[in-house]
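Chain and residue survey
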Amino acid sequence: MSSIAVRTRGRFRGGAGLGLVAWLAGIVFFLPIAWMALTSFHSETDAATNPPSWGAALTLDGYREFFGAGGGASPWPALINSTVASVTSTLLVLLLALPAAYALSIRPVKRWTDVLFFFLSTKMLPVVAGLLPIYLFAKNAGMLDNVWLLVILYTSMNLPIAVWMMQSFLAEVPVAVIEAAQIDGARLPTVLARVVAPIALPGIAATALICFIFSWNELLFARVLTGVVAETAPVFLTGFITSQGLFLAKVCAASLVISLPVLAAGFAAQDKLVQGLSLGAVK
């Protein structure tokens, strides 16, 4: 047997081994979601059994209670608030991050690495450390229980990581294409909208998806700064957890429904997400 055949067989076995490990890791990460979905279709009594009952009867009672069939509160206002806060803040982040990343990559400023480090360092502050000042500011400004306060907060929280990500994506845009557009008379807004954005679309999509997930899942600020009017979906979910009675099936049903927008967005943008996160990985 030639040395080439031996190396080929070794690479095949190595690739098969890595593939098996990837499948096992995927199954391990998927099991909690599958378990949550199965529990959501059980009655509260069956969901609370230990060890769990795999053959228990299936029911939609948990979903009926989540959607207010038993006289409870409707989840639609909270879902609408989460949608408004997440989508609006993500669009604002993209509008602000694109020109900032353009300046730091294609038209680099002096000591641009220090600027990026400063942006990233703002994420190192524990969120709870800024909770009291923000609460006092919102109270004095009359913005408590206001969804637009969450839009401002989520925009400011996600902007540093968005600039950091998009800087690496825009660094892959050929400078010659931009210079050609400028020679033809295109101004900066036109260059960003018609030249840079289409080329860096996978990276922009990946950034938008991550910012949307961060905004949709945020709980601490929404829990403290909102009440009834601007309550978000994660805050609404925590209302099912009580010290009395059984709530596991209802919580699993609510968790699955609230997770669906994020799962749907990730599935719809999975090709752009993979392309965006892999930009710059191979030279």
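The preceding data block contains the structure.
On a predicted model such as this, the values are computed, not experimentally measured, just so you know. (Residues numbered from 1 in each chain as written. Predicted model: local features only at pLDDT ≥ 70, side-chain atom pairs only at ≥ 80, totals over all residues. Heavy atoms only, no water.)

With that settled, consider a nonpolar patch on the surface. A surface patch of nonpolar side chains, amounting to about 570 Å² of accessible area, comprises Leu20, Trp23, Leu24, Ile27 and Leu31. Tracing the backbone through its elements, the reader meets Ile27 in helix H1 (residues 3–40). (Patch = residues over 30% accessible without salt bridge, like charges linked within 9 Å, V, L, I, M, F, W, Y side chains within 5 Å. Areas by Shrake-Rupley, 256 points an atom, 1.4 Å probe, with all protein chains shown as cover. Salt bridge = Lys/Arg side-chain N within 4 Å of Asp/Glu carboxyl O. Helix = DSSP H or I, 4+ residues; strand = E, 2+ residues; numbered from the N terminus.)

Moving on to the packing of aromatic side chains. Per the stated rule, a full pass over the model turns up seven aromatic pairs. Plain terms: the ring middles of Phe41 and Tyr63 are 5.1 Å apart, the flat faces sit at 40 degrees to each other, and that makes the pair tilted. Here Phe41, found in the loop between H1 and helix H2 (44–47), pairs with Tyr63, found in helix H3 (residues 61–66); they are 22 residues apart in sequence, far enough to count as distant. One aromatic cluster in this structure is built from Phe66, Phe67, Trp76, Phe236 and Phe240. (Phe/Tyr/Trp six-rings, centres within 6.5 Å; stacked < 30°, edge-to-face > 60°.)

Attention now goes to the side chain of Ser86. Structurally, Ser86 can be placed in helix H4 (residues 76–105). Residue Ser86 is classed as buried on the basis of its relative accessible area, which comes to 1%. A polar contact is formed between the side chain of Ser86 and the backbone nitrogen of Trp216, at a distance of 3.3 Å. Ignoring any residue separated from it by four or fewer positions in sequence, one finds Ser86 in contact with Phe212, Ser215 and Trp216. (Buried < 20%, exposed > 50% of the residue type's maximum accessible area, 1.4 Å probe, protein only. Polar contact = N/O pair within 3.5 Å; in protein donor to acceptor, adjacent residues only side chain to side chain. Contact = heavy atoms within 4.5 Å.)

Here the largest pocket defines a volume of roughly 300 Å³. Thr122, Lys123, Leu125, Pro126, Val127, Gly130, Ile134, Leu153, Ser156, Met157, Pro160 and Phe221 are the residues that line the largest pocket. If one sorts the elements of the lining of the largest pocket by residue count, helix H7 (residues 147–170) sits on top with four residues. Counted by class, the lining of the largest pocket contains eight nonpolar, three polar and one charged residues. (1 Å grid on protein atoms, 1.4 Å probe; cavity = no way out; pocket = protein on both sides within 12 Å on 5 of 7 lines; lining within 4 Å. Points joined across faces, edges and corners; volume = space filled by probe spheres on them. Nonpolar A, V, L, I, M, F, W, Y, C, P; charged D, E, K, R; others polar.)

So, about the packing of helix H10 (residues 201–217) against helix H13 (residues 248–268). At their nearest, the axes of H10 and H13 sit 10 Å apart, and the two run at 175 degrees to each other. Comparing the axis directions of H10 and H13 gives the class roughly antiparallel. Note on element contacts: H13 touches H10 through Ile258, Pro261, Val262, Ala265 and Gly266, opposite Leu209, Phe212, Ile213, Trp216 and Asn217. Of the residues contributing to the contact of H10 with H13, the split by class is eight nonpolar, two polar and no charged. (Axes fitted to C-alpha atoms, helices over the stretch in contact; angles between N-to-C directions. Parallel < 35°, antiparallel > 145°, perpendicular 65-115°, else oblique.)

We now examine H10. Think of an α-helix as turning once every 3.6 residues; residues three or four places apart then point the same way. Taking 1.5 Å per residue as the helical rise, H10 with its 17 residues ought to reach 24 Å, and the 24 Å between its terminal C-alpha atoms agrees with that figure. What H10 keeps buried is the set Pro202, Gly203, Ile204, Ala206, Thr207, Ala208, Leu209, Cys211, Phe212, Ser215 and Trp216. (Expected span 1.5 Å × (residues − 1).)

Before going further, it helps to spend a moment on the nonpolar core. Tyr102, Met166, Leu170, Ile178 and Val196 are the most contacted members of the largest nonpolar core, which totals 28 residues. For this core, the secondary-structure elements that each account for two or more residues are H4, H7, helix H8 (175–183), helix H9 (188–199) and H10. Excluding its chain neighbours within four sequence positions, the residues that come into contact with Leu170 are Leu98, Ala101, Tyr102, Ser105, Ile106, Val196 and Ala200. Membership of the second largest hydrophobic core comes to 19 residues, among which are Leu79, Phe236, Cys252 and Ile258. (Core = buried A, V, L, I, M, F, W, Y, C linked by side-chain atoms within 4.5 Å.)

Honestly, that's just the spatial picture; any functional story needs more than this.
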